[in-house]
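Observations on the three-dimensional arrangement
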Amino acid sequence: AFPNNDSEALVQALAEKLGAATSSKIKFMTTGMCGVQKTFAEYCGDGSQVINLLAAGESSSHGWGKDIKMDTDLEATKGIFSLVGHAYITVEGGDDVLEVAS
């Protein structure tokens, strides 16, 4: 669910444009959550550019992309997630999103 009515359309458009405009060598990483991440993964081309970095025992909330299961808890996985990207795009989210992105 998207608290802001315009956010879902924004995420869909971003995913479609970025998926179409980037090389297959470019990857988009999520932590497999529903909402923004699920919508992005569903609309980002055929899903081959999407990687879902998951904590131990977790599974992605969608069937798009490649799941990479870490042998770490959620907090450690978020820490790893925050270190591997070159650029971060956020839509909505609260303090936890801000913490991972910074």
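Here the structure is shown first, and the text comes after it.
Residues numbered from 1 in each chain as written. Predicted model: local features only at pLDDT ≥ 70, side-chain atom pairs only at ≥ 80, totals over all residues. Heavy atoms only, no water.

A look at the overall build of the protein
Across its full length, the protein carries four helices and three strands. Reading the helices (α) and strands (β) of the protein from amino to carboxyl end gives α-β-α-β-β-α-α. For the protein, the C-alpha atoms occupy an extent of roughly 30 × 30 × 25 Å along the three principal directions. The buried share of the protein, taken over its 102 residues, is 28%. Expressed as a percentage of contacts within the protein between residues at least 6 apart in sequence, the contacts between residues at least 24 apart total 40%. As displayed, the protein has an accessible area near 6,500 Å², and 55% of this comes from carbon and sulfur atoms. Side chains of the protein give 7 positive and 14 negative charges; the mean places of these two sets differ by 11 Å. (Helix = DSSP H or I, 4+ residues; strand = E, 2+ residues; numbered from the N terminus. Buried < 20%, exposed > 50% of the residue type's maximum accessible area, 1.4 Å probe, protein only. Contact = heavy atoms within 4.5 Å. Areas by Shrake-Rupley, 256 points an atom, 1.4 Å probe, with all protein chains shown as cover. Lys, Arg positive; Asp, Glu negative; His and termini not counted. Charge placed at Lys NZ, Arg CZ, Asp CG, Glu CD.)

So, helix 2 (residues 36-43)
Among the residues making up helix 2, those that are buried are Thr-39, Phe-40 and Ala-41. In this structure, the buried side of helix 2 is in contact with helix 1 (7-21), strand 1 (28-30) and strand 2 (50-54). Looking at the residues trailing helix 2, positive phi occurs at Gly-45, about 55°.

Re the pairing of strand 2
Of all five residues that make up strand 2, five are buried, and the element is covered over most of its length. As paired strands, strand 1 and strand 2 are joined by three bridges and run parallel to one another. Counterpart to Phe-28 in the pairing with strand 2 is Val-50. On the question of chirality, the crossover connecting strand 1 to the parallel strand 2 by way of helix 2 is right-handed. (Pairing = 2+ DSSP bridges. Right-handed = clockwise from strand over helix to strand, strands pointing away.)

Describing the side chain of Thr-39
Relative to the helices and strands, Thr-39 is located in helix 2. Residues in contact with Thr-39, not counting those within four places in the same chain, are Phe-2, Glu-8, Val-11 and Gln-12.

A look at the packing of helix 1 against helix 2
Direction vectors running N to C along helix 1 and helix 2 enclose 40°, while the axes themselves pass 8 Å from each other. Helix 1 and helix 2 meet at a crossing whose hand is right-handed. Of helix 2, the residues touching helix 1 (which contributes Glu-8, Val-11, Gln-12, Leu-14, Ala-15, Glu-16 and Leu-18) are Val-36, Thr-39, Phe-40 and Tyr-43. Looking at side-chain class alone, the contact of helix 1 with helix 2 contains seven nonpolar, two polar and two charged residues. (Axes fitted to C-alpha atoms, helices over the stretch in contact; angles between N-to-C directions. Left-handed = near helix turned anticlockwise from the far one by under 90°. Nonpolar A, V, L, I, M, F, W, Y, C, P; charged D, E, K, R; others polar.)

Just geometry here; none of it tells us what the structure is for.
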